[in-house]
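# Per-entry structural report
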Amino acid sequence: MSDRPRSSQSWMGAAIAVGLFGAIVGLSGRLDLPLILAGLVSVCLGGWLAGRGRDAPPPRPAATAQRHAIAEALLAHVPDPVILVDRRTLVVEANPAARALLPALHQARPLSFALRSPEVLDGVEAVLSSGMPRRVPLSTRVPLERTFEVQIGALPMPDGSGVSAVLFLRDLTSARRLEAMRVDFVANASHELRTPLATLIGFIETLQGPAREDPQARERFLEIMRVQALRMTRLIDDLLSLSRIELREHVAPTTVVDLGALARQMVDAQGPPAEARGATVQFADGDGPYPVPGDADELARVIENLIENAVKYGGGHVGVGLSREDDPRLGRRIVLSVTDDGPGIPPEHIPRLTERFYRVDVASSRARGGTGLGLAIVKHSLNRHRGRLAIESTVGQGTIVRVSLPEHGALAEGPRVADQAGPV
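Treat the numbers as computed from the prediction; the structure is a model and nothing was measured. (Residues numbered from 1 in each chain as written. Predicted model: local features only at pLDDT ≥ 70, side-chain atom pairs only at ≥ 80, totals over all residues. Heavy atoms only, no water.)

Right, let's talk about the overall build of the chain for a bit. Counting its regular elements, the chain contains 11 helices and 12 strands. When each of the 424 residues of the chain is scored for burial, the buried share is 38%. If you take every contact in the chain between residues at least 6 apart in sequence, the share linking residues at least 24 apart comes to 60%. Carbon together with sulfur atoms contributes 59% to the accessible area of the chain, which is approximately 24,500 Å² in total. (Helix = DSSP H or I, 4+ residues; strand = E, 2+ residues; numbered from the N terminus. Buried < 20%, exposed > 50% of the residue type's maximum accessible area, 1.4 Å probe, protein only. Contact = heavy atoms within 4.5 Å. Areas by Shrake-Rupley, 256 points an atom, 1.4 Å probe, with all protein chains shown as cover.)

Written out as structure tokens, the structure reads:
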């Protein structure tokens, strides 16, 4: 309590005492021993009354209660988990994000019941004893693997009962995954380029040395070098295409293209290469036209990649078809399907097919000229076009790849990232 309230209460007590003594003197008209004793009693009575006023707790201002209510509302809307514990590490308060992350978190129970991390618990004890903030890593593996940075700070209690600790859990899962993807991407791209470069350097040295005067070896080596150079060219082209698509992935196309006309063009273009591999590509045109909002070049690349994959890794017959469907949530959609009668894809590989450089059979893919980026380009192109990708495959029977796009005029805006039966 401040000195000003105490002083005012003392003056109040003195005024009460003087008033009582003056009233007694005025009634009696004389000053003797009984009056002196009565004055002392008055002073004691005034001091007692002033003491009662001083001991009574002051009423809590309405503004303070309102500030606490606002603070609790703000805490409830913080997206990251926040936990407050007292000096005994008992949970005082936790926001909904913390309760969702740690279901065993309850008020007035020890934090260790819900958070079994020795590093975090030791950090809380250190903050409570020293008052210095700390940062501690936290990893969870159930139900999903997630990574957090726990920022622990000291917080004095408003009632003066001591120091508590506040834990702020910052989710680093997405950042760590992006960093891992970047490292993997650089490593894979370097490896994919290093192999043909090593081949080229080796054959160049051979042609400059032992095979300098051997025409047959020179022709054979030059053909191998040409194939490896084309492989590097395809890889660089795919990397540049993927980079351009990712830069514009958030911008939906506004022009209208006929998906049926694009599909027919790609089937005609892929026919001769497919025949060279011993496969045929047939196009089943339905009730066209099939207008969709899209970028003609990107959609043509999507169809081309799907047909090329079916020809390279499928069987002898590849079918391309178009149809319409009514989705109760997304409206009218146009569906492009590419089927093959090849060996199929084991189910454990399907969710990862759209990852960069992922291959079911690395040796077979490289031998057939694959870069491992085709389906990654398809995924990002469909994300930009608000499309959906589904892959169904049965081992020994073949694979069906379906691409679903919103029909022009059916729905202005669909979801950015597609649901998937297979990978997106």
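Moving on from the model shown.
The next point concerns the packing of helix α9 (residues 296-313) against helix α11 (residues 374-384). Interhelical geometry of α9 versus α11 gives an angle of 145° and a closest axis separation of 9 Å. In this structure, α9 meets α11 at a crossing whose hand is left-handed. Here α9 contributes Glu298, Arg301, Val302, Asn305, Leu306 and Asn309 to the contact with α11, which in turn contributes Gly374, Leu375, Ile377, Val378, Ser381 and Arg384. (Axes fitted to C-alpha atoms, helices over the stretch in contact; angles between N-to-C directions. Left-handed = near helix turned anticlockwise from the far one by under 90°.)

The next thing to look at is the sheet that holds strand β7 (residues 280-284). One open sheet accounts for five strands, arranged β7-β9-β10-β12-β11; its pairing is mixed. Edge positions in the open sheet fall to β7 and β11 (388-394), since each of these has one partner strand only. Neighbour-to-neighbour, the strand axes of the sheet open up by a mean angle of 20°, direction not taken into account. Of the strand pairs in this sheet, strand β9 (residues 317-327) and strand β10 (residues 331-340) are connected by 10 bridges, and their pairing is antiparallel. Looking at the pairing, Asp326 lines up with Arg332 of β10. The strands that helix α8 (residues 259-276) touches are β7, β9, β10 and β12 (398-406); relative to β7, the one it contacts most, it runs at about 165°. Packed on one face of the sheet, α11 meets β11 and β12 and runs near 140° to β11. (Pairing = 2+ DSSP bridges.)

This brings us to the environment of Val166. By the secondary structure assignment, Val166 is in strand β5 (residues 163-171). Put simply, Val166 and Leu128 are 38 residues apart on the chain and 10.0 Å apart in space, counted from C-alpha to C-alpha. Residues within four places of Val166 in sequence aside, it is in contact with Val82, Ile83, Leu84, Gln151, Ile152 and Gly153.

In this approach, a probe sized like a water molecule rolls over the atoms, and the result shows the empty space that is left. Within this structure, the stated rule accounts for two cavities of 30 Å³ or more. When the residues that make up the lining of the largest cavity are grouped by side-chain class, the tally is one nonpolar, two polar and three charged. Roughly 30 Å³ of internal volume is contained in the second largest cavity. As for the second largest cavity, its lining consists of Leu259, Leu299, Val302, Ile303, Leu336, Leu382, Val403 and Leu405. Residue assignment for the lining of the second largest cavity shows that the elements contributing at least two residues are α9 and β12. In terms of residue count, α9 provides more of the lining of the second largest cavity than any other element does, three residues in total. Partitioning the lining of the second largest cavity into residue classes produces eight nonpolar, no polar and no charged. (1 Å grid on protein atoms, 1.4 Å probe; cavity = no way out; pocket = protein on both sides within 12 Å on 5 of 7 lines; lining within 4 Å. Points joined across faces, edges and corners; volume = space filled by probe spheres on them. Nonpolar A, V, L, I, M, F, W, Y, C, P; charged D, E, K, R; others polar.)

This part takes up α11. In an α-helix, one turn spans 3.6 residues; hence positions three or four apart end up facing the same way. Taking burial as the measure, the 11 residues of α11 include 10 buried ones, the bulk of the element. Considered for burial, the residues of α11 that qualify are Gly374, Leu375, Ala376, Ile377, Val378, His380, Ser381, Leu382, Asn383 and Arg384. The elements touched by buried residues of α11 are α7 (215-247), α9, β11 and β12. The first or second residue beyond α11 is Arg386, which carries a positive phi of 55°.

With that settled, consider α9. Compared with an ideal rise of 1.5 Å per residue, which puts 18 residues at 26 Å, α9 spans 26 Å between its outermost C-alpha atoms and is within 8% of the ideal. Sitting at the amino-terminal end of α9 is Asp295, which places a side-chain oxygen 3.0 Å from the backbone nitrogen of Asp297. (Expected span 1.5 Å × (residues − 1). Polar contact = N/O pair within 3.5 Å; in protein donor to acceptor, adjacent residues only side chain to side chain.)

The subject of this paragraph is the packing of helix α6 (residues 173-208) against α7. For the pair α6 and α7, the least separation of the axes is 9 Å and the interaxial angle reads 160°. Considering the angle they form, α6 stands roughly antiparallel to α7. Crossing of α6 against α7: the hand is left-handed. (Parallel < 35°, antiparallel > 145°, perpendicular 65-115°, else oblique.)

Glancing now at the sheet that holds strand β2 (residues 91-94). Strand order in the open sheet formed by five strands is β2-β1-β5-β4-β3, with antiparallel pairing between adjacent strands. Of all strands in the sheet, those with a lone pairing partner are β2 and β3 (134-140), marking the two edges. The average undirected angle you get between the axes of adjacent strands in this sheet is 25°. With nine bridges joining them, strand β4 (residues 146-156) and β5 adopt antiparallel strand pairing. In the sheet register, Glu149 faces β5, and the bridge partner there is Arg170.

Take unusual backbone geometry next. One non-glycine residue, Thr89, lies in the positive phi region at around 60°. Looking at where Thr89 falls in the secondary structure, it is placed in the loop between β1 (82-85) and β2. Of note, the phi angle at Arg386 is positive, near 55°, even though the residue is not glycine. The topology assignment puts Arg386 in the loop between α11 and β11. By relative accessible area, which is 8% here, Arg386 ends up buried.

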